[in-house]
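Coordinate analysis (summary)
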Amino acid sequence: MKDILPKEMEIRDYVIGLIKKTYGAFGFSSIETPCVEHIENLSSKQGGENEKLIFKILKRGEKLKLETAQSGDDLVDSGLRYDLTVPLARYYANHSGELNVPFKALQMGNSWRADRPQRGRFRQFMQCDIDILGEPSILAEIELILATSTLLGKLDFNHFTIRINNRKMLKAMAAYCGFEASEYDNVFIILDKMDKIGMDGVEAELLGTGYKKEAVGACLQLFRTVTNDIDGIRYMKETLGSFLEEGTAEDLETIISTVEEVKTADFKTVFDPTLVRGMGYYTGPIFEISMDEFGGSVGGGGRYDQMIGAFTGADTCACGFSIGFERIVMLLMERGFEVPSASGKKAYLIDKKASPELMKRALRQAKEDREAGYCVSISVMKKNKKFQKEQLAKDGYTDVKEFFAD
């Protein structure tokens, strides 16, 4: 967890404003959920590895019975959310009767994970999610990708890649290769490491875990042969045959071709058969944003048609996309990003010996400039005026006016 200095806060506020404006133009409505959720919601076996990283909250008052607790779980009844998707599912279950269908939600807020901090990863972090609930067609996936890529384009990110796959494709591949259904989840976790440990590393880990050599060999042969384009999707459809649910390959092909045709930002969409996404709740298409300047993912999402049913008893189709807000801000700061200003910034320096009338004159001038759209900061002139002006220049105040005592 970190403190945020004014320069970063200025960028964060600007990005938040741009997010709301851009996603609002796509029809998304802002909502808010509490940062605390019931522990049973957070521990529903749908959050993957993140469920091991929950900041748990002790029961309070008479409910906290230390003397009779059999385990740590007996002492806990809630926790800090580790993402925004689980709270959204609970929110929709509670309020679906008051919401339009499909419902297009924009949610921004902090999440917490007891993770190991590293570059671009913190224990408290801002998340930004857009979700479409109640839309069964791939129009949801297409709109989510277009909205997210449009936002990144407005922040001058170029040449990034959106990788896409489908959980149904992964399961068909695992069945075709000869893995047991009970092995799928762990196999997928290992495959998801492909970009970090390479093909040889994945092979060694799969074999070291004890999976059949024939299944591992068939799986890796698929990855060595398939291409990262529409031809690769067609190859997988032909190879997997009856193992693959009808329409899965065609949906992926349509998503990629449509996004490529109508996109506004400079990026490419590719098929990645090794893409897994760690959350257990994904049921269909999944996607992830990769940027060379970060060296990893800066966003991701996918379809999760069964999560809301865990709260309501009736499945509701849902699809979402989350950008890595903290990583985006970090990259903007590293490239020296300056928040655009319509009129600019002015600084007024008033002589510390100034009369009340001189101070009023400066304040009246500042009022006029602010009404004209300028950002105006007023401060008392310091002895080391040169250093003071240098500090102001670092904060973007390029126009400095001095008010001296008579």
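As the structure is a computational prediction, the values presented were derived from the model and not from experiment.

So, about the nonpolar core. Formed by 102 residues in total, the largest nonpolar core has its most connected members in Ile 19, Tyr 23, Met 173, Phe 179 and Leu 191. Top element by residues in this core is helix α4 (residues 139–154). It accounts for eight residues. Leaving out residues up to four positions away in the same chain, Ile 19 has contacts with Gly 24, Leu 106, Met 108, Cys 128, Leu 151, Ile 323 and Phe 325. Tyr 348, Ile 350, Ala 366 and Val 376 belong to the second-largest nonpolar core, a separate cluster that totals eight residues.

Moving on, we come to the layout of surface pockets. Approximately 190 Å³ is the volume found for the second largest pocket. Every residue lining the second largest pocket is counted, 16 residues in all, and those nearest its centre are Pro 136, Lys 168, Asp 251, Pro 285 and Arg 303. Among the residues making up the lining of the second largest pocket, the classes are represented as three nonpolar, six polar and seven charged.

Here the focus is the side chain of Lys 104. Here Lys 104 lies in strand β5 (residues 103–112). For Lys 104, a relative accessible area of 17% puts it in the buried group. Of note is the side chain of Lys 104, whose polar atom sits 2.7 Å from the side chain of Glu 143. Setting aside residues up to four positions removed in sequence, Lys 104 forms contacts with Phe 26, Gly 27, Phe 28, Ser 29, Asp 131, Ile 132 and Glu 143.

Direction of pairing for strand β12 (residues 345–350) relative to strand β13 (residues 375–380): parallel, over a ladder of six bridges. The residue bridging Lys 346 from the neighbouring strand is Val 376, located in β13. Crossover handedness for the path β12 to helix α13 (residues 356–371) to β13: right-handed.

The strand order across the open sheet built from three strands is β13-β12-β14, with neighbouring strands paired in parallel fashion. Whereas interior strands pair on both sides, the edge strands pair on one side only; in this sheet they are β13 and β14 (399–403). Going across the sheet, the axis of each strand differs from the next one's by a mean of 20 degrees, ignoring polarity. Most of the contacts of helix α14 (residues 385–394) go to β12, to which it runs at about 160 degrees, and overall it touches β12, β13 and β14.

In terms of burial, helix α3 (residues 85–95) is largely enclosed, as eight of its 11 residues are buried. Its buried side turned inward, α3 meets β1 (29–31), β2 (36–38), α2 (39–42), β5, β6 (124–133) and α11 (309–312).

Turning our attention to the environment of Gln 127. Mapping Gln 127 onto the fold places it in strand β6. Gln 127 sits in the buried class, given a relative accessible area of 10%. Sequence separation between Gln 127 and Phe 325 is 198 residues; the distance between their C-alpha atoms is 5.8 Å. Not counting residues within four places of it along the chain, the set of residues in contact with Gln 127 comprises Tyr 82, Asp 83, Leu 84, Gln 107, Met 108, Gly 109, Ser 111, Arg 113 and Ser 322. A polar side-chain atom of Gln 127 sits 3.3 Å from the main-chain amide nitrogen of Leu 84.

A separate point is the packing of aromatic side chains. On inspection of all chains with the given rule, the structure shows 10 aromatic pairs. On the numbers, 4.8 Å between centres and 50 degrees between planes, the contact of Phe 287 with Phe 321 is tilted. Of this pair, Phe 287 sits in strand β9 (residues 285–291) while Phe 321 sits in strand β11 (residues 318–323); the two residues are 34 residues apart in sequence, bridging distant segments of the chain. By the burial criterion, Phe 287 is buried, and Phe 321 matches it.

The rules behind the values
Residues numbered from 1 in each chain as written. Predicted model: local features only at pLDDT ≥ 70, side-chain atom pairs only at ≥ 80, totals over all residues. Heavy atoms only, no water. Core = buried A, V, L, I, M, F, W, Y, C linked by side-chain atoms within 4.5 Å. Buried < 20%, exposed > 50% of the residue type's maximum accessible area, 1.4 Å probe, protein only. Helix = DSSP H or I, 4+ residues; strand = E, 2+ residues; numbered from the N terminus. Contact = heavy atoms within 4.5 Å. 1 Å grid on protein atoms, 1.4 Å probe; cavity = no way out; pocket = protein on both sides within 12 Å on 5 of 7 lines; lining within 4 Å. Points joined across faces, edges and corners; volume = space filled by probe spheres on them. Nonpolar A, V, L, I, M, F, W, Y, C, P; charged D, E, K, R; others polar. Polar contact = N/O pair within 3.5 Å; in protein donor to acceptor, adjacent residues only side chain to side chain. Pairing = 2+ DSSP bridges. Right-handed = clockwise from strand over helix to strand, strands pointing away. Axes fitted to C-alpha atoms, helices over the stretch in contact; angles between N-to-C directions. Phe/Tyr/Trp six-rings, centres within 6.5 Å; stacked < 30°, edge-to-face > 60°.

So yeah, pure geometry; function would need other evidence.
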